[in-house]
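Chain by chain, the residues run as shown.
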Amino acid sequence: MTHMSSNENGMTLTAPQLEAYLARIGMEPPACLDIHSLSQLHRAHLMTFTWEALDAFMGWPSGINPAAAFAKMVEGRRGGWCYEMNGLFGAALAALGFRVTRLCGGVDREKLGDTAIGNHLTLRVDLDRPYLAEVGVADAIVEPVPLAVGAISQRGFDFSIMPADDGWLRFNNHVRGIAKSFDFRPDHSDEAAMADMHGWLMRDPGSPFTNALAVLRHTANGYIALQNDRLRTVTSVSASEHRITSADHLADTFETVFDLEIPRPERVWDKIQAIGQDEAA
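Residues numbered from 1 in each chain as written. Predicted model: local features only at pLDDT ≥ 70, side-chain atom pairs only at ≥ 80, totals over all residues. Heavy atoms only, no water.

**Section: the overall build of the protein chain**
The condition that has to hold: Working definition: helices are DSSP H or I runs of at least four residues, strands are E runs of at least two. Numbering for both runs from the N terminus. The atom set for the radius of gyration is the C-alpha atoms, and the globule formula is 2.2 Å times the number of residues raised to the power 0.38. Throughout, a residue-residue contact means that at least one pair of heavy atoms, one from each residue, lies within 4.5 Å. Residues counted as positive are Lys and Arg, residues counted as negative are Asp and Glu, and His and the chain ends are not counted. Note that the charge is assigned to NZ on lysines, CZ on arginines, CG on aspartates and CD on glutamates.
What the protein chain contains, in helices and strands, is nine helices and 13 strands. By the compact-globule yardstick of 19 Å for 281 residues, the protein chain fits well, its C-alpha radius of gyration being 18 Å. Structurally, the protein chain occupies a C-alpha span of about 55 × 40 × 40 Å along its principal axes. Taking as baseline every contact in the protein chain between residues at least 6 positions apart, the subset at least 24 positions apart corresponds to 60%. Considering the protein chain, the positive charge centre built from 24 side chains and the negative charge centre built from 36 side chains are found 3 Å apart.

**Let's talk about the nonpolar core**
Put simply, the rule is: Put simply, a nonpolar core is a bunch of buried Ala, Val, Leu, Ile, Met, Phe, Trp, Tyr and Cys residues held in one set by side-chain atoms that sit within 4.5 Å of each other. Throughout this description, buried means an accessible area under 20% of the type-specific maximum (1.4 Å probe, protein chains only), exposed means over 50%, and partly exposed covers the range between.
In terms of nonpolar packing, the biggest core is built from 68 residues, with Y21, W51, W81, L88, F89, F171 and F184 touching the most fellow members. Looking at this core element by element, the count peaks at ten residues for helix α5 (residues 82–96). The residues touching W51, leaving out its near neighbours within four places in the chain, are G80, W81, C82, M85, G136, V137, A138, F209, A214, V215 and L216.

**Comments concerning the pattern of salt bridges**
What counts here: Counted as salt bridges are all cases of a side-chain nitrogen of Lys or Arg within 4 Å of a carboxyl oxygen of Asp or Glu.
Evaluated as defined, the whole model comprises 18 salt bridges. D55 serves as the salt-bridge partner of R78, at 2.9 Å between the closest nitrogen and oxygen. Residue R78 is located in the loop between α4 (66–75) and α5, and its partner D55 is located in helix α3 (residues 54–58); the two are separated by 23 residues in the primary sequence. With relative accessibility at 11%, the residue R78 sits in the buried group. In this structure, a network of salt bridges that share partners links the residues E52, D55, K72, R78 and E84.

**Observations concerning unusual backbone geometry**
Here the phi dihedral of R155 falls at roughly 55°; this positive angle occurs in a residue that is not glycine. Mapped onto the elements, R155 comes out in the loop between β6 (150–154) and β7 (157–163). The partly exposed category is assigned to R155, whose relative accessible area is 22%. Even without a glycine there, the phi angle at R264 is positive, about 50°. Structurally, R264 can be placed in the loop between α8 (247–256) and α9 (265–280). In this structure R264 comes out as partly exposed when scored by relative accessible area, which is 44%.

**What to know about the pairing of strand β11 (residues 222–227)**
Condition: Strands qualify as paired when DSSP identifies two bridges or more between them.
Extensive coverage of β11 is indicated by the burial of five of its six residues. As judged from the five bridges shared by strand β10 (residues 214–218) and β11, these two strands associate in the antiparallel manner. From the neighbouring strand, R217 faces β11, where its bridge partner is I224. Pairing of β11 with strand β12 (residues 230–235) involves six bridges; the strand directions are antiparallel. Bridge pairing links L226 to L231 in β12. Taken together, β11 and the strand that follows it, β12, pair antiparallel across an intervening segment of two residues, in which N228 is found at a positive phi of about 55°.

**Quick look at the confidence of the model for the protein chain**
Heads up, the condition is: Across the chain, each position has a pLDDT score giving the predictor's confidence in that residue, from 0 to 100.
With 96% of its residues at a pLDDT of 70 or more, the protein chain shows a mean pLDDT of 94. A low-confidence stretch, residues 1–9 stays under pLDDT 50, and its non-local contacts, those more than four residues away or across chains, total 25 contacts.

**Overview of the sheet that holds β10**
Taken together, five strands build an open sheet; the order of strands is β1-β10-β11-β12-β13 and the sheet is antiparallel. Each end of this open sheet is capped by a strand with a single partner; those strands are β1 (51–52) and β13 (239–243).

**Overview of the environment of R185**
Put simply, the test is: Here a polar contact means two N or O atoms within 3.5 Å. Within protein one must be a hydrogen donor candidate and the other an acceptor candidate, and residues neighboring in sequence count only if both atoms are side-chain atoms.
Looking at the secondary structure, you find R185 in the loop between β9 (181–184) and α7 (191–203). Looking at R185, the relative accessible area reads 25%, which means it is partly exposed. Separated by 21 residues in the primary sequence, R185 and A164 have C-alpha atoms spaced 9.7 Å apart. Those residues within four positions of R185 in sequence are excluded, and the remaining contacts are L103, D166, G167 and W168. A distance of 2.7 Å separates a polar atom in the side chain of R185 from the backbone oxygen of D166.

What follows is the structure, given as structure tokens:
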């Protein structure tokens, strides 16, 4: 696949969109396009936006292009999953002048094989060297890392990038991570594969996101994860869990914990309850 940057394939934001995006994440345009400014933007994005796959869970419409993510996340008060989180971030970086390449990845490729390819979008940003920018895994790194084999430690969590097979690299999440790993190649872009997998993940009963609610948000020292009615608070040294007990409790959690404006949260609760009854049957 040929190298294609976000600037070249239309995956960028307009000037007014970029201004609105930066205001939403509380950042000024960087004075210099370097790893320091990239790291600040990466962290600000993750501390602003919640990772969530509600559209797939509820059967609500969702697009794969950054313009759709902008409307949902910046103009609305929603989050997004990898295609939207990394898609919006990559488009913003491209608009700022960073050299960005959208990479076609595969979460759990070590278990699923090549059928996983396209189920993840990640980003390569070329500065003094290539960096992996990754705001789409939900519970992984909070700042970009050199795109190179080796161990990574952030906030007490341990990650790594290791060689896989056939030129693929494997990003290994920390031990408590929900997605254990994703594979990518430093120069492999495939928009068609990602569009196909986006459709499958959105609609297929076999998709992990159509049958279970997943919402995650980074905190100062870890993250908070909602999986169906289980709310977990995780740091590098501790983990606690609480249950969501009602539709009102869920609505309040969306609002206060995840900073999400979800239409008809009682419908989300009804589906969570129905899943619980199916599993108990």
